[in-house]
Each structure stands twice: as C-alpha cells, then as structure tokens.
Amino acid sequence: MADQYAQSGEGGPSPGIPAIRWEEPPEGPVLVLLDQRRLPAQEAELVCTDPSALVDAIRTLAVRGAPLLGIAGAYGVALAAARGFDVDEAAAVLAGARPTAVNLAVGVRRARAAHRAALAGGGGRERAAGAALAAARALHREDAEASARMAGHGLALLDELLPGGGYQVLTHCNTGALVSGGEGTAFAVALAAHREGRLRRLWVDETRPLLQGARLTAYEAARHGMTYTLLTDNAAGSLFAAGQVDAVLIGADRIAADGSVANKVGSYPLAVLAKYHHVPFVVVAPGTTVDAATPDGASIEVEQRAGHEVTEAFAPRSAGAETGGGTPVAPLGTQAYNPAFDVTPPELVTAIVTEEGVVSPVTAGALGALCDRSRQVTI
C-alpha cells in the first residue's frame, strides 16, 4: 500500500513529534515516522501501512540512525504480524534493508523471536502479533533508558578528561532524538553538557553527502537552544589547528569485536586529526551496536550509496531520493565514490561509551566484558 503523509506546520519546530510511533486507527495498525528527508524545511509524518513501505523508508533514509533502525525493524515485524503478512519473509527483507547498521537486524530478530515463541506456545496469530509488538515496545523503552545512561556516562567522562567545563565539542552526522528512542547517543552527551552549563560550543559538521549534520543536527541543536556553529567537513582540520576543538563525539552504526567503529563517512579523518592534535575521540553507542560476530573492521560491510547523491544537490524534502532528480553539480556522466560509512580502528578511539559504562582504552577484552555485563542486565 502507498505511504501517506500527515502534514504538520511549516518551518517552526514541533518538539512533540516523535521520530517513530505505533498507532492503531480503525483501518488497522500503522507505523508513523517523522520523515527525516524533509527536515529542516518541513515536518511531515510518513505513515507506513505495510512492511514494504517501511523498507522503502529505511532505504531512502526517511528513518535512520542505528538505534532507531533497531526499533523500526522490531515494529516492522510487529506490523507484518498484525497485518497478516508472512513474518519471516518480512523480517528477512527488513534486516537486509541497510547492511552496515547492526541494530536493524538485532531489532528484527528480537521481535521475530517473540513472535515465534508465542506461536510455538499455541497462542495463535493474534497473540503472536501482540508478542512481537510487546517486544518492539520494550526495545523502544530500553533504548530511551539507555540514551539517558549514556548521556550520564559520557558527561562524566568529559569532566574527567576536560576538567572545568567550557567544552568545545565537534560532532559528525546526526546522533540526537532523531536516531533514538530517547535523546540520542553522542548528541545526548553534548545536550547534557549544555544543560549543565558546561558546553561552550557545539561544532556541527555538515556531513556530506546528505548533509545530515546541517539538516538534522543543527535542527536539533536549535530546538534545544544550544550554541552551535555549522562547518563544512573539510574545515575541521583548521579548527583543530586553531585549538578550537576540545573533544570529538560521534555515534556508531556497528562496532566490531576488536573495537573498530563504523560510522558515517568522514568519521575516520576526524579520528586521525584528533590523534595528531591530542584531542579525545569518543564514540557513544548502545550495547546493541557492538557486534561480537564481526571480528574486526575489515569484516564490516560498508554500504555503497547511489552516485547521484554526490553529483546532484537536493532540496531537503527529497534528500536521498533513489531516482535522482536534483540539480547537477558535476558534469553529466561523472562517476562518484559514495560510501555511507568509514571504519575507525580502535587505536584511534579514546573511549567507547555505552549504557553500561565506558571502555578505555578500547580493547577486545574490555569491550567483550562490557557486552557480557549488558547481556546479563538484559536477561
């Protein structure tokens, strides 16, 4: 079925609009997304009535960000079950919609396992659908709680590394409430510092090629009244050289067992700059982003996106469109290299912050021990 749009006001932000929510109108359950392709120019909600609509929303970045993708994947399984679709088939397609972000598959597996367990227990299709939805809602709630704990751990780490406050923090891509069931990952740490009066300035990389920093992080910073400045990605080096960066905070889409971090392309050069200039480079991500089955960075599949996202410029409401149609900024026929992510090796990472605490230095053993604690808490 075709997606539907529910319009909200143009321009001015509406803090009450969540990034994702489940609704049950008379015509049947739906998953409602704040369409991130249209921000910041317009706030509009995308209504997904079937799993294929959600898959399209994931692939075109209407919904994005590792933790939120996990939540969306779980709700997608619940939507398939509630609407009478083949749950296993829907789960397989959802889990493969974006290959690098491990949370997506984690969320899908969790809801599918709940669905299968209910069926095996003789509960019938309706009860199994309810079990899948309960699993999705639990994951949504847990992510919000994890976000708050990460913010606390991250702020304590900044206080330890940079006593006295007045932080000038550089961030990359978007890691706020738009990617989370709560207030985000790396952005949540910066927001906590802002609320405590310790954030002097948030430096926001525009984050090529889809400008997720300019369109989304700046949007969230403005909503919270934070002092922020937008910069082009290749201007970051001059900021480091001028001593204007006290710490780098980024999120992650997958963390390998050895501590290698896959994040939005452009993160690795920041890590190199931070190392050279003796600036802490901190990764903030929930424990579900750590993938023990991926041994190292070389084993992480890096998503390659369409070249037209680089060779054409798009208005915000069509950012990431699969078919092109933007304004050309390169000669017709130009080939573009457009990886969605790059991988930062653990020796360049000062610390990894999760809801269960901080890993520093980043080693396979320390990361594994933290993940073991996380699994024990979940169980």
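Our subject is the structure that appears above.
Here the structure is a predicted model, which is why all the values come from computation and not from measurement. (Residues numbered from 1 in each chain as written. Predicted model: local features only at pLDDT ≥ 70, side-chain atom pairs only at ≥ 80, totals over all residues. Heavy atoms only, no water.)

## Side note on the pairing of strand β2 (residues 20–23)
Residues I20 and W22 line the buried face of β2, whereas the alternating positions R21 and E23 sit on a face that is not buried. Looking at chain direction, β2 and strand β3 (residues 30–34) are connected through 4 bridges and run antiparallel. Bridge assignment links E23 to a residue of β3, and that residue is V30. (Buried < 20%, exposed > 50% of the residue type's maximum accessible area, 1.4 Å probe, protein only. Helix = DSSP H or I, 4+ residues; strand = E, 2+ residues; numbered from the N terminus. Pairing = 2+ DSSP bridges.)

## Quick notes on the pattern of salt bridges
Under the criterion given, the structure shown has 14 salt bridges. R198 serves as the salt-bridge partner of D159, at 2.2 Å between the closest nitrogen and oxygen. You can see D159 sitting in helix α5 (residues 124–161) and its partner R198 sitting in the loop between α6 (186–195) and β6 (199–205), a full 39 residues away along the chain. A residue is classified by how much of its surface remains accessible, and D159, at 29% relative accessible area, is partly exposed. Put simply, R98, E303, R305 and E309 are held in one network by salt bridges that share partners. (Salt bridge = Lys/Arg side-chain N within 4 Å of Asp/Glu carboxyl O.)

## As for the environment of V179
Inspection of the secondary structure assignment puts V179 in the loop between β5 (167–171) and α6. Looking at V179, the relative accessible area reads 2%, which means it is buried. Residues V179 and Q36, 143 residues apart in the sequence, show an inter-C-alpha distance of 10.0 Å. In this view, V179 contacts R64, G65, P67, L68 and N174; residues no more than four positions away in its chain are not counted. (Contact = heavy atoms within 4.5 Å.)

## Here we look at the nonpolar core
L33 and L54 are the most contacted members of the largest nonpolar core, which totals 37 residues. Elements that contribute at least two residues to this core include exactly β2, β3, β4 (42–48), α1 (51–59), α2 (66–83), α3 (87–95), α4 (102–120) and α5. It is α2 that provides the largest number of residues to this core, a total of 10 residues. Contacts of L54, omitting those with residues within four sequence positions, involve L31, L33, C48, V63, A72, G76 and L94. (Core = buried A, V, L, I, M, F, W, Y, C linked by side-chain atoms within 4.5 Å.)

## Quick notes on the packing of aromatic side chains
Within this structure, the stated rule accounts for 1 aromatic pair. Seen from their ring centres, W22 and Y75 are 6.0 Å apart, and the 25° between their planes marks the pair as stacked. With W22 in strand β2 and Y75 in helix α2, this residue pair connects regions lying 53 residues apart in the sequence. In this pair, the class of W22 matches that of Y75, namely buried. (Phe/Tyr/Trp six-rings, centres within 6.5 Å; stacked < 30°, edge-to-face > 60°.)

## Things to note about the packing of α1 against α2
Two packed helices can be described by the angle between their axes and the distance between those axes. In contact at an axis separation of 9 Å, α1 and α2 are set at 165° when each is read in the N-to-C sense. With respect to each other, α1 and α2 are oriented roughly antiparallel. Crossing of α1 against α2: the hand is left-handed. Seen from α1, the contacting residues are P51, L54 and I58; seen from α2, they are L69, A72, G76, L79 and A80. Residues of the contact of α1 with α2, tallied by class, amount to 7 nonpolar, 1 polar and no charged. (Axes fitted to C-alpha atoms, helices over the stretch in contact; angles between N-to-C directions. Parallel < 35°, antiparallel > 145°, perpendicular 65-115°, else oblique. Left-handed = near helix turned anticlockwise from the far one by under 90°. Nonpolar A, V, L, I, M, F, W, Y, C, P; charged D, E, K, R; others polar.)

## Regarding the sheet that holds strand β9 (residues 254–256)
If you trace the 4 strands from one edge of the open sheet to the other, you get β12-β9-β10-β15, paired in mixed fashion. In this open sheet, the two edge strands, each paired with only one partner strand, are β12 (290–291) and β15 (341–344). Bridge count for β9 against β12 is 2 bridges, and the pairing is parallel. Across the sheet, I255 pairs through a bridge with V290, a residue of β12. Where helix α9 (residues 267–276) meets the sheet, it contacts β10 (261–264) and β15, and its direction lies at approximately 35° from that of β15.

## A closer look at α3
The set of residues buried in α3 consists of V87, A90, A91 and L94. Take α3 and look down its axis: the buried residues cluster within an arc of 100°, on one side only. For α3, exposure combined with an orientation more than 90 degrees from the buried face picks out E89 and A92. On the buried face of α3, the contacting elements are α1, α2 and α4. The N-terminus of α3 is capped by D86, whose side-chain oxygen sits 3.1 Å from the backbone nitrogen of D88. (Arc of directions from axis to C-beta. Polar contact = N/O pair within 3.5 Å; in protein donor to acceptor, adjacent residues only side chain to side chain.)

## Thoughts on the sheet that holds strand β17 (residues 357–359)
Within the open sheet, the 7 strands sit side by side as β7-β6-β5-β8-β11-β16-β17. Their pairing is mixed. Of all the strands in the sheet, the pair left with one neighbour each is β7 (228–231) and β17. Going from strand to strand, the sheet's axes swing by 25° on average, the running direction of each strand aside. As paired elements, strand β11 (residues 281–284) and strand β16 (residues 351–354) share 3 bridges and run parallel to each other.

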